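A structural walkthrough
Okay, here's what each chain looks like letter by letter:
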Amino acid sequence: MARGTTESTPTRVARGTRAAETAERKRRLLAAATELAAEGGYDAVQMRDVASRAGVALGTLYRHYSSKDQLLVAALDAQAATLRDRIAQRPPAGDTPAIRVANVLRRACRALERQPRVTAAMMTAMSAGDETTTPTKREVDATLKAIIEHAIAANGDVDDLDGVVRVLGHVWFATLSYWVNGLATPDEMAADLERTAHLLLD
């Protein structure tokens, strides 16, 4: 029995090391894509440049992400997960679901406003018809819905919670699209989201 334990340990360590290396490599790739987007927007994110900046072979990049749209959507998914964790650490204030949701959406908007070129690049990737991005798009959608759902359900039930969350998600995406295309200011975007929260939840 002791011999079995000894023999299996190196395998567990090796697997753990490979997983950690893969995660670190992906982190560098997403960081490189985000940096390039911050410098020049969607068009500046070229796969060869991403690989070079991340210190990763181009073939390795393509093994993880088959297109720049897939890469940018993955970067958005990572940002959404970070936002979810931060909101969990500091839950939204407010006595009603509408106020809490408005608080959360304003915080999300402020986070995205800090790097407008990055947000515009990610929104372009989200709007692209690249089928390889669909699973990650679903992960982004699920994370954003979880953020909204948590804010709504903090105290008491809401009729048709799934429907409310879906509509809020659609409006959020639409207002972001308006903003990145210069059709709305950040204040107008936040006001529209807050108005929608109150219309659906009050």
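Shown above is the structure to which this text applies.
Thoughts on the packing of helix α5 (residues 97-113) against helix α7 (residues 134-152)
For any two helices packed against each other, the geometry is given by the interaxial angle and the distance between the axes. Interaxial distance between α5 and α7 falls to 8 Å at its minimum, and their mutual angle equals 145°. Note on packing geometry: the crossing formed by α5 with α7 is right-handed. Seen from α5, the contacting residues are Pro-97, Arg-100, Val-101, Val-104 and Leu-105; seen from α7, they are Ile-147, Ile-148, Ala-151 and Ile-152.

Topic: the packing of aromatic side chains
All chains considered together, the criterion is met by zero aromatic pairs. Seen from the ring of Tyr-42, Lys-68 lies directly overhead, with NZ or CZ sitting 3.9 Å from the centre.

So, the environment of Ile-152
Mapped onto the elements of the fold, Ile-152 is located in helix α7. Residue classification places Ile-152 among the buried residues on the basis of a relative accessible area of 0%. Taking C-alpha positions, Ile-152 is 9.9 Å from Pro-92, a pair spaced 60 residues apart along the chain.

Describing the pattern of salt bridges
Counted according to the given criterion, the structure contains eight salt bridges. Note that Arg-27 and Glu-24 form a salt bridge whose closest N and O atoms lie 2.8 Å from each other. Taken as a pair, Arg-27 and Glu-24 lie in helix α1 (residues 2-40) at a separation of three residues, close to a single helical turn. Of the charged contacts, one joins Arg-53 and Glu-39 as a salt bridge, the two residues approaching to 2.7 Å between their closest N and O atoms. Of this pair, Arg-53 sits in helix α2 (residues 47-54) while Glu-39 sits in helix α1; the two residues are 14 residues apart in sequence, bridging distant segments of the chain. One salt-bridge network, in which partners are shared between bridges, spans Glu-24, Arg-27 and Arg-28.

Concerning the layout of surface pockets
The space that makes up the largest pocket amounts to roughly 970 Å³. As for the largest pocket, its lining consists of 38 residues, of which Leu-76, Gln-79, Ala-80, Leu-83 and Leu-112 are closest to the centre. Contributing elements (two or more residues each) for the lining of the largest pocket: α1, α4 (68-89), α5, α6 (116-127), α7 and α8 (161-180). Here the lining of the largest pocket gets nine residues from one element, more than from any other, and that element is α4.

A few points about the packing of α4 against α7
One can describe the packing of α4 onto α7 by two numbers: an axis separation of 9 Å at closest approach and a directional angle of 20°. As the angle between them shows, α4 and α7 are arranged roughly parallel. Two packed elements cross with a definite hand, and for α4 against α7 that hand is left-handed. For the pair formed by α4 and α7, the contact residues are Val-73, Ala-74, Leu-76, Asp-77, Ala-80, Ala-81, Leu-83, Arg-84 and Ile-87 on the first element and Thr-136, Lys-137, Glu-139, Val-140, Thr-143, Leu-144 and Ile-147 on the second.

What counts, and at which threshold
- Note that residues are indexed from 1 along each chain, following the sequence as it is written.
- It should be noted that, the model being predicted, local features are given only for residues of pLDDT at least 70 and side-chain atom pairs only at 80 or more, the latter also being counted only at that level, while totals for whole chains, interfaces and linings use all residues.
- Only hydrogens and water are set aside; all other atoms, that is, all heavy atoms of the structure, feed into the side-chain values.
- Geometry is summarised by axes, namely lines fitted to C-alpha atoms with helices restricted to the contacting stretch, and by angles between N-to-C directions that run from 0 to 180 degrees.
- The helix count covers DSSP runs of H or I at least four residues long, the strand count covers runs of E at least two residues long, and both are numbered beginning at the N terminus.
- Take the far helix as your reference; a near helix turned counterclockwise from it by less than a right angle gives a left-handed crossing, and one turned clockwise gives a right-handed crossing.
- Contacts: residue pairs with any heavy atoms within 4.5 Å of one another.
- For Phe, Tyr and Trp, where Trp contributes only its six-membered ring, two rings pair if their centres lie within 6.5 Å, and the inter-plane angle classes them as stacked under 30 degrees, edge-to-face over 60, or tilted in between.
- Placement of a charge over a ring requires the Lys NZ or Arg CZ to be within 6 Å of the ring centre, with the centre-to-atom vector within 35 degrees of the ring normal.
- Only protein chains enter the calculation, and the probe is 1.4 Å; a residue is then buried if its accessible area is under 20% of its type maximum, exposed if over 50%, and partly exposed in between.
- Every case where a carboxyl oxygen of Asp or Glu lies within 4 Å of a side-chain nitrogen of Lys or Arg is listed as a salt bridge.
- Here the term cavity refers to a set of points on a 1 Å grid, laid over the protein atoms alone, in which a 1.4 Å probe fits but cannot get out; the term pocket refers to an open set having protein on both sides within 12 Å along at least five of seven lines, with lining residues being those that place an atom within 4 Å of a point.
- Grid points are joined across faces, edges and corners, and a volume is the space filled by probe spheres set on the points.
- To sort the angles, those under 35 degrees are grouped as roughly parallel, those over 145 as roughly antiparallel, those from 65 to 115 as roughly perpendicular, and the leftovers as oblique.

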